Amino acid sequence: MTQRPSTSRRVVLAAQAVGRPTQATFRVEEVALPPLLEGHVLTRTLCCSADPGTRSRLSSGASYAPPLRIGDPIDGFAVGEVIESANPRFVIGDIVASGGGWAEHAIFPGRGYIQKIPHKRLPLSYWIGVLGVPGMTAWFGLKRVAAMKPGDRVLVTSAAGPVGATAAQIARSLGASRVVGTASGADKAAWLRDEARLDVIVDYKTTTDLIADLKAASPDGYDVLFDNVGNAMIDSVIPLLRPGGRIVISGQLADYNAAAADVPGITNTRYFIASRLRMEGLVVFDDLKGFPAAQEELGDMIERGEVKVREHRYKGLGSAPQAFIDLFASDSFGRRIIEIGGETG
Ligand SMILES: NC(=O)c1ccc[n+]([C@@H]2O[C@H](COP(=O)([O-])OP(=O)(O)OC[C@H]3O[C@@H](n4cnc5c(N)ncnc54)[C@H](OP(=O)(O)O)[C@@H]3O)[C@@H](O)[C@H]2O)c1
């Protein structure tokens with residue numbers, strides 16, 4: 001049985017981020033682990049993840065979650081083993097996925113996101129990746145928000161990321177007639193073409209004419225834009241949408257590090273009238289009740305080889321800031337998993 005330590009290390013916000021986050025944005029500290037109150041659960045972290053959505057909490061600005069204050073622990077998803085429980089729903093030895101954050105240990109306060117991992121057929125890290133929030137965002141974004149139908153032509157931006165790659169492959173499995181992705185660099189393009197089986201990959205960084213390339217990639221246009229990138233990309237794609245086209249606003253990677261005044265606007269709204277377009281965002285936790293059934297179906301797709309998973313692993317709590325910085329400034333790709341305390345697949 002794992003011993004309960006008296007102290008634990010965690011990563012906290014050292015300075016608000018301006019533009020891209022740096023090492024100076026974060027600091028590691030050691031804190032005492034308090035006794036558990038009723039309903040609390042103490043977990044030992046096995047692994048945690050770096051999530052782009054955390055960026056919006058590192059400085060003040062519009063987000064559905066409030067900004068962190070200096071000294072606040074960095075939250076994020078984690079897989080942990082229960083080592084002490086004051087909650088009848090959890091026993092020592094349970095493996096859970098939760099918002100445990102970048103920490104060696106986490107106390108779940110009895111409310112919020114936590115899920116017992118129901119089986120070990122797939123790597124435990126998948127429960128904070130393809131079967132966790134990124135995968136569920138892809139799933140509900142396509143199935144509920146876009147109401148994707150067989151035959152749809154689907155464009156996914158940041159297609160090599162955990163959300164995008166899952167969305168593109170689910171689209172293929174659901175019978176999309178064309179699946180196109182945007183991504184930068186030859187390695188991502190090769191993986192998306194050879195492993196994830198996308199039809200065309202457009203490199204938005206090297207192209208001289210993004211709109212012409214997106215048009216050539218699907219000459220009949222697109223029924224669904226699953227967007228992870230932000231306003232400039234959406235504005236470029238709107239004229240390429242077919243009648244009844246749907247835009248899913250999943251994330252805004254190109255806009256997270258920009259000052260509010262520098263975020264571009266969307267101007268092509270006239271197409272919404274003639275083409276009867278629809279644009280809708282999602283917060284994946286609204287679909288929490290549907291996670292178990294979706295995870296079951298998506299897990300089957302993974303086991304059948306229809307959905308391929310890519311991870312990029314980091315070792316030790318101290319590597320969490322670098323994993324996060326790399327989200328915005330590295331050619332490496334795949335779900336960024338920080339291994340902290342044990343075997344996760
Ligand atoms: N709505 C929800 O409930 C929900 C939940 C989870 C995640 N999300 C969102 O889903 C999106 C994707 O998340 P993810 O975890 O899969 O991350 P991700 O796509 O792996 O994010 C990193 C990638 O973003 C791209 N990128 C970085 N900076 C960019 C820029 N300035 N312009 C364009 N692309 C840039 C880069 O890929 P390329 O250069 O190859 O494009 C980079 O490798 C994020 O916006 C995230 O916030 C939403």
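Parameters at a glance
- Residues numbered from 1 in each chain as written.
- Predicted model: local features only at pLDDT ≥ 70, side-chain atom pairs only at ≥ 80, totals over all residues.
- Heavy atoms only, no water.
- Near = heavy atom within 4 Å.
- Polar contact = N/O pair within 3.5 Å; in protein donor to acceptor, adjacent residues only side chain to side chain.
- Areas by Shrake-Rupley, 256 points an atom, 1.4 Å probe, with all protein chains shown as cover.
- Helix = DSSP H or I, 4+ residues; strand = E, 2+ residues; numbered from the N terminus.
- Nonpolar A, V, L, I, M, F, W, Y, C, P; charged D, E, K, R; others polar.
- Domains from an automatic or database assignment.
- Contact = heavy atoms within 4.5 Å.
- Buried area = accessible area lost by both parts, 1.4 Å probe.
- Salt bridge = Lys/Arg side-chain N within 4 Å of Asp/Glu carboxyl O.
- Buried < 20%, exposed > 50% of the residue type's maximum accessible area, 1.4 Å probe, protein only.

K.L.:
Honestly, the site of the ligand in this entry has me stumped. Any pointers?
P.N.:
Around the ligand sit 24 residues in total, of which Ser158, Ser184, Tyr204, Tyr256 and Leu282 are the nearest. Contact between the ligand and Val163: an oxygen atom at 2.8 Å from a main-chain N or O atom of the residue. Protein contact buries 89% of the 910 Å² of open area that the ligand shows by itself. Breaking the shell around the ligand down by element, the ones donating at least two residues are α1 (133-145) and α2 (162-173). Broken down by class, the residue content of the shell around the ligand amounts to 14 nonpolar, nine polar and one charged. In this structure, the shell around the ligand is formed jointly by two domains, domain 1 (7-129 + 310-339) and domain 2 (133-285), each of which donates at least three residues.

K.L.:
Can you help me understand the domain arrangement of the chain in this one?
P.N.:
A common measure of how large an interface is: the accessible area buried when the components associate. Split by domain assignment, the chain resolves into domain 1 (7-129 + 310-339) and domain 2 (133-285). If you average the C-alpha positions of domain 1 and of domain 2, the two centres end up 28 Å apart. The interface of domain 1 with domain 2 comprises 18 residues on the first partner and 13 residues on the second. Summed over both partners, the interface of domain 1 with domain 2 buries about 1,400 Å², with 70% contributed by carbon and sulfur atoms. Here domain 1 is connected to domain 2 by zero salt bridges. Inspection of the region where domain 1 meets domain 2 yields two residue pairs in polar contact (both at pLDDT 80 or more). For the side of domain 1 that touches domain 2, the class distribution of residues is eight nonpolar, five polar and five charged.

K.L.:
So what exactly am I meant to see when it comes to the pattern of salt bridges here?
P.N.:
It is possible for side chains bearing opposite charge to pair when their charged atoms get close. If you walk through the whole model with that rule in mind, you get 23 salt bridges. Here Arg335 ties to Asp51 by a salt bridge, and the two come within 2.8 Å at their closest N and O atoms. One end of the pair, Arg335, is in strand β15 (residues 335-339); the other, Asp51, is in the loop between β3 (41-49) and β4 (78-85), and 284 residues separate them in sequence. Neither Arg335 nor Asp51 differs from the other in exposure class; each is buried. A cluster of three or more residues bridged by salt bridges with shared partners is formed by Arg144, Arg278, Glu280 and Asp287.

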